[in-house]
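Architecture and fold: a report
Next come the chains, spelled out residue by residue.
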Amino acid sequence: MNSGLNPADPTIVAAFRSALVHQWVIVALIFVLLLVAWGATRAWAGGHGATAAGSPAPWHEPRARRLLRVGFGTLWVFDGILQAQPQMAGGLPQEVIKPAAATSPAWVQHLVNWGGSIWTYHPIQAGAATVWIQVGIGMWLIFAPRGWASRLAGLASVAWGLVVWAFGEAFGGIFAPGLTVLFGAPGAVLIYAVAGALIALPERAWESPRTGRLTLGGTGVFLLGMALLQAWPGRGFWQGTAHGQASGLADMVQSMAATSQPRVLASLVSAFGNFTAAHGFAVNLVAVIALAAIGAAFCVSALRGDARLARIAVLVAAVFCLADWVLIEDLGFFGGVGTDPNSMIPLILLFTAGYLAMSPAPQPERAAAAAAGDAGPATDAQPDAPAKPPSRLPAWLTTAGQRFAGLSGWSIAALGAIGVIVVGAAPMAFASANRNADPIIAQALAGASGPMNEPAPGFTLTSQDGHQVSLSSLRGKVVLLTFLDPVCTTDCPIIAQELRAADAMLGAKAGGTELVAVVANPTYTSTAFTAAFTRQEGLSQVPNWLYLTGPLSQLVPVWHQYGIEVQNLPAGAMSAHNDLAFVISATGRLRQEISDDPGPGTAATQSSFAGLLASSVLQVMG
């Protein structure tokens, strides 16, 4: 999954920022067009005797559902904003996703790596997609208070939440050792998904206390299970130190204290980490008792329908969760690649909603709210007016126009939120269908390559087949030139494969290109070595591949003319040389110089360098 990128690489950061700005313009345009279309349709409907669609039956949204919808909608928007941090595009896979799966079983790591490959191959599109998808889901939840639009927003929260939980959080670490709710298990986004499922319930499900009791009771069972895991011997939570080093919870807290964050918060978390290291048994005992007591109180209050006990338990649980959020989870979103505020805030929202749903608002309150038009758009009474000319549009279009004109402002905003999701999802869908990594990765690793336009130094050398080849004899074709060591076992074979992949990307235009490598080793210069390297790297079947060599009297001038520094290492070893590639036009002029040092040589970087080389050739071809 490692892309080999520096998260703060200026090339990646600038490209990410540019993508977000362009997509922001599209988002703004979506809302402007929706408002203009809505206003025009309402004017048309009034001018042709059409009436706006009637408002839905009055319904006062229960407090519990509103808390879930607005609370988790706000969290999704906040998470989307966090995804827009400059280091997210280049840093999320190696600094968040990969560490999250590091201690999980092999099958979890393989699954996470498979999903994360989309990000490592297309960091800009993936980074921008998560921003707009999460902001869009949050806006959709906030702007759609009822009906199918609201329920679909809940389902969207479930779907995206499960995707992030599996591929971004490695299933919240539930398959890894050291699982503890104090540090975020079973994953914050799984709670988002649970809340989304509750929001997607039919409206009638909120009319009785059953939904609230099930929610609160389910949370209680979960906390009892977490208390059992926290108390289980041998899991390392009862000791503050082991072999003189912080362990268990103390180690987790101290690692969070090292995160880049405000000094006051870092000092507070560090102090608690030191306290936990010194008094690990006592801290864990308090945590176990608190989790067990809160879980039991939730279960008992849910079974008995005891609102008073539930209220007390909710208040105690909220205080406990807030303390954990600050002292152990360290708020969760600092460090430049924090993706969410961790699990405690979502958990508070969930069990508070469960408590509120245990006592639905009394009918008089609902009736009064309904009478005041609290739930949904109300249609103003239409006074008698002169007959308007009927619409000449087809009946289906007239009906659609009437329905659109009858939408409330909240509904238009919800439609805009769906558009925001599409703005993020569409480019990501197209990118994921492309098996080649984005060239931006290679550009970030190679650095800037300025344009050139000067005659390419000529040479005449011998190919792997023993034929004399001069640069002038290749006129009429674009030449992609590099320098390789035939006995190299590190960078050169990777570069050779990048050239081979670039040739495949060129497709039919590969016929107008020559892939040329010149030996960069002062010892192994015979055609036997260039021929062996060609066979070894599968380049024998590439018709436009040439691996040129010659005596040192011919090679050294070529190295010097193209700025290749070759160091002669001890006999039997490969040489050390800088990795450069040159694009020479069909008229024999140097047009581009590219650093083709493969960096970490991952699948993503190899694919990206191949794409960069291919695109450079196409640019010179015009």
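1. Thoughts on the nonpolar core
Counting residues in each nonpolar core, the largest one holds 108 residues, and the members touching the most others are Leu68, Phe298 and Phe351. Discounting residues that sit within four places of it in the chain, leucine 68 has contacts with Gly73, Ala195, Leu198, Ile199, Trp206, Leu349, Leu350 and Ala353. In this structure, Leu506, Ala581, Ile594 and Val620 belong to the second largest nonpolar core, which totals 55 residues.

2. Description of the sheet that holds strand β6 (residues 478-484)
In a beta sheet, neighbouring strands pair by backbone hydrogen bonds and run either parallel or antiparallel. An order of β3-β12-β11-β6-β7-β8 is seen for the 6 strands of this open sheet, with the pairing classed as mixed. Bordering the open sheet on either side are β3 (451-455) and β8 (545-548), each of which pairs with just one other strand. For this sheet the average axis-to-axis angle between neighbouring strands, irrespective of direction, equals 25 degrees. Both strand β11 (residues 580-584) and strand β12 (residues 589-595) contribute to a ladder of 5 bridges, which runs antiparallel. In the sheet register, phenylalanine 582 faces β12, and the bridge partner there is glutamate 593. Packing against the sheet, helix α19 (residues 527-536) makes contact with β6, β7 (513-519) and β8, and its axis sits at approximately 145 degrees to β8. In the packing of helix α21 (residues 603-621) onto the sheet, contacts are made with β6, β7, β11 and β12, and the angle to β12 comes to roughly 165 degrees.

3. Some words on the state of the cysteines
This model, assessed by the stated rule, comprises 0 disulfides. You can see cysteine 299 has no disulfide; the closest cysteine sulfur is in cysteine 321, sitting 15 Å from it. Classification of cysteine 299 as buried rests on a relative accessible area of 15%.

4. Side note on the environment of alanine 456
With respect to the element layout, alanine 456 can be found in the loop between β3 and β4 (460-462). The class of alanine 456 is buried, set by a relative accessible area of 14%. Between the alpha carbons of alanine 456 and arginine 591 there is a distance of 8.8 Å; along the sequence they are 135 residues apart. Other than its neighbours up to four places away in sequence, alanine 456 contacts Leu471, Tyr562, Ile584, Gly588, Arg589 and Leu590.

5. With respect to a nonpolar patch on the surface
There is a patch of nonpolar side chains on the surface, built from Val21, Trp24 and Val25 and spanning about 320 Å² of accessible area. Within the secondary structure layout, valine 21 lies in helix α1 (residues 10-47). Looking at valine 21, the relative accessible area reads 47%, which means it is partly exposed.

6. Overview of the pairing of β8
Residues in a regular strand project their side chains so that they alternate between the two faces of the sheet. Burial along β8 is two-sided: the residues Trp545 and Tyr547 and Leu546 and Leu548 are all buried. Taking the sense of rotation as the criterion, the β-α-β connection linking β7, α19 and β8 turns out right-handed.

7. Looking at the packing of aromatic side chains
Per the counting criterion, the structure on display carries 20 aromatic pairs. Between tryptophan 107 and phenylalanine 175, the ring centres sit 5.2 Å apart and the planes meet at 65 degrees, which makes this aromatic pair edge-to-face. Taken together, the residues tryptophan 107 in helix α4 (residues 106-121) and phenylalanine 175 in the loop between α6 (147-168) and α7 (188-199) connect sequence positions 68 residues apart. Owing to a relative accessible area of 46%, tryptophan 107 belongs among the partly exposed residues under this scheme. Within the aromatic cluster, the residues linked to one another by ring pairs are Trp107, Trp165, Phe171 and Phe175. Seen from the ring of tryptophan 148, arginine 151 lies directly overhead, with NZ or CZ sitting 4.5 Å from the centre.

8. As for the side chain of glutamine 134
For glutamine 134, the position within the fold is in helix α5 (residues 123-143). Given a relative accessible area of 4%, glutamine 134 falls into the buried group. What glutamine 134 contacts, discounting residues up to four positions off in sequence, is Trp76, Val77, Asp79, Gly80, Gln83, Trp160 and Val164.

9. Here's the deal with the pairing of β6
Along β6, 7 of the 7 residues are buried, which leaves the element largely enclosed by surrounding structure. Of the two faces of β6, the one lined by Val478, Leu480, Thr482 and Leu484 and the one lined by Val479, Leu481 and Phe483 are each fully buried. Running through helix α18 (residues 491-506), the crossover from β6 to the neighbouring parallel element β7 is right-handed. Pairing analysis gives 4 bridges linking β6 to β11, with the strands arranged antiparallel.

10. Let's talk about unusual backbone geometry
For the bond running from alanine 185 to proline 186, omega is 5 degrees, close enough to zero to count as cis. Here proline 186 is to be found in the loop between α6 and α7. Backbone geometry at aspartate 330 places phi at a positive 60 degrees, although glycine is not the residue there. Inspection of the secondary structure puts aspartate 330 in the loop between α12 (307-327) and α13 (344-358).

11. Topic: the pattern of salt bridges
Under the criterion given, the structure shown has 4 salt bridges. The closest approach of N and O atoms between arginine 146 and glutamate 203, which form a salt bridge, is 3.2 Å. Placement of the pair is arginine 146 in the loop between α5 and α6 and glutamate 203 in the loop between α7 and α8 (210-231), with a sequence separation of 57 residues. Relative accessible area serves as the criterion here: at 17%, arginine 146 is assigned to the buried category. Its relative accessible area of 23% is what places glutamate 203 among the partly exposed residues. A salt bridge links glutamate 514 to lysine 477; the nearest nitrogen and oxygen atoms lie 3.0 Å apart.

12. A short note on the environment of isoleucine 124
Summarising the element assignment, isoleucine 124 is placed in helix α5. When the C-alpha atoms of isoleucine 124 and valine 70 are compared, they prove to be 29 Å apart, with 54 residues separating the residues in sequence. Contact partners of isoleucine 124, with chain neighbours within four places excluded, come to Ile12, Ala15, Phe16, Ala19, Ala89 and Ile440.

13. Some points on the side chain of glutamate 61
Secondary-structure assignment places glutamate 61 in the loop between α1 and α2 (63-83). Residue class for glutamate 61 comes out buried when judged on its relative accessible area of 5%. Among the polar contacts made by the side chain of glutamate 61, one reaches the side chain of arginine 65 at a distance of 2.9 Å. Excluding its chain neighbours within four sequence positions, the residues that come into contact with glutamate 61 are Arg66, Arg69 and Pro145.

14. Observations concerning α21
End to end, α21 covers 27 Å across 19 residues, agreeing with the expected 27 Å (1.5 Å per residue, within 8%). Immediately downstream of α21, the backbone of glycine 622 shows phi near 80 degrees, a positive value.

15. Quick look at the environment of phenylalanine 334
Assignment of secondary structure puts phenylalanine 334 in the loop between α12 and α13. In this structure phenylalanine 334 comes out as partly exposed when scored by relative accessible area, which is 26%. The spacing of phenylalanine 334 and glutamine 261 is 73 residues in sequence and 5.8 Å in space, taken between C-alpha atoms. The residues contacting phenylalanine 334, other than those within four sequence positions of it, are Thr259, Ser260, Gln261, Pro262 and Leu265.

Calculation notes
Residues numbered from 1 in each chain as written. Predicted model: local features only at pLDDT ≥ 70, side-chain atom pairs only at ≥ 80, totals over all residues. Heavy atoms only, no water. Core = buried A, V, L, I, M, F, W, Y, C linked by side-chain atoms within 4.5 Å. Buried < 20%, exposed > 50% of the residue type's maximum accessible area, 1.4 Å probe, protein only. Contact = heavy atoms within 4.5 Å. Pairing = 2+ DSSP bridges. Helix = DSSP H or I, 4+ residues; strand = E, 2+ residues; numbered from the N terminus. Axes fitted to C-alpha atoms, helices over the stretch in contact; angles between N-to-C directions. Disulfide = S-S within 2.5 Å. Patch = residues over 30% accessible without salt bridge, like charges linked within 9 Å, V, L, I, M, F, W, Y side chains within 5 Å. Areas by Shrake-Rupley, 256 points an atom, 1.4 Å probe, with all protein chains shown as cover. Salt bridge = Lys/Arg side-chain N within 4 Å of Asp/Glu carboxyl O. Right-handed = clockwise from strand over helix to strand, strands pointing away. Phe/Tyr/Trp six-rings, centres within 6.5 Å; stacked < 30°, edge-to-face > 60°. Lys NZ or Arg CZ within 6 Å of the ring centre and 35° of its normal. Polar contact = N/O pair within 3.5 Å; in protein donor to acceptor, adjacent residues only side chain to side chain. Expected span 1.5 Å × (residues − 1).

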